[in-house]
Amino acid sequence: MMRRRDPYAPLLRALADDAARHGLALTLCDLTERSWASATFVGCRLTIVVRIDGGDPARWLADLPEAEFALAGRLVADLVVRAADRAAATLEVLLLEA
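Residues numbered from 1 in each chain as written. Predicted model: local features only at pLDDT ≥ 70, side-chain atom pairs only at ≥ 80, totals over all residues. Heavy atoms only, no water.

Asks: Sorry, what's going on with the sheet that holds strand S4 (residues 88-97) here?
Replies: Hydrogen bonding along the main chain pairs the strands of a sheet, whether they run parallel or antiparallel. Read from one edge of the open sheet, four strands run S1-S2-S4-S3, paired in antiparallel fashion. Because the sheet does not close on itself, it has two edges, and the strands there are strand S1 (25-37) and strand S3 (74-84). If you compare each strand with its neighbour and ignore which way they point, the axes differ by 20 degrees on average. The pairing of S3 with S4 spans nine bridges and is classified as antiparallel. (Pairing = 2+ DSSP bridges. Helix = DSSP H or I, 4+ residues; strand = E, 2+ residues; numbered from the N terminus. Axes fitted to C-alpha atoms, helices over the stretch in contact; angles between N-to-C directions.)

Asks: Hey, could you run me through the pattern of salt bridges in this one?
Replies: A side chain with one charge may pair with a side chain of the opposite charge, provided their charged atoms come close. Applying the stated criterion across every chain, the model contains five salt bridges. A salt bridge links Arg 21 to Asp 18; the shortest N-O distance between them is 3.2 Å. On the basis of relative accessibility, which here comes to 62%, the residue Arg 21 falls in the exposed class. Taking the shortest distance from any N to any O, the salt bridge between Arg 51 and Asp 53 comes out at 3.1 Å. Arg 51 sits in the partly exposed class, given a relative accessible area of 39%. You can call Asp 53 partly exposed: its relative accessible area is 32%. (Salt bridge = Lys/Arg side-chain N within 4 Å of Asp/Glu carboxyl O. Buried < 20%, exposed > 50% of the residue type's maximum accessible area, 1.4 Å probe, protein only.)

Asks: Looking at this model, I keep getting lost on the pairing of strand S2 (residues 42-53). Mind explaining?
Replies: Look at any regular strand and the pattern is simple: side chains alternate between the two faces of the sheet. Relative to S2, S1 runs antiparallel, the two sharing twelve bridges. Across the sheet, the residue bridging to Leu 28 is Val 50, located in S2. Counting the residues in the hairpin turn of S1 and S2 gives four residues. Two elements, S2 and S4, share nine bridges in a ladder whose sense is antiparallel. By the bridge assignment, Val 50 is partnered in S4 with Ala 89.

All we've got here are geometric facts, nothing functional implied.
Next comes the structure, spelled out in structure tokens:
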């Protein structure tokens, strides 16, 4: 279960829902943010550390960078799995304001 009342809550819920469809449960362990901007876009780069329970997450983690997330007012422009094992993962997400 991942519950946070912050601007990233919709993304965290979307990640948890996607994991649940693979029989997994996520627990947020850490989230850090760095502002990000280009000439045309504004957003942030997030580092998200989650604990993974419920099975082998290998398939979910392999498919995650290509997953589509419907987030009101935001766009996941890039998602990379930086580190992972059967119990935890570190994700880097470029989240843009739409």
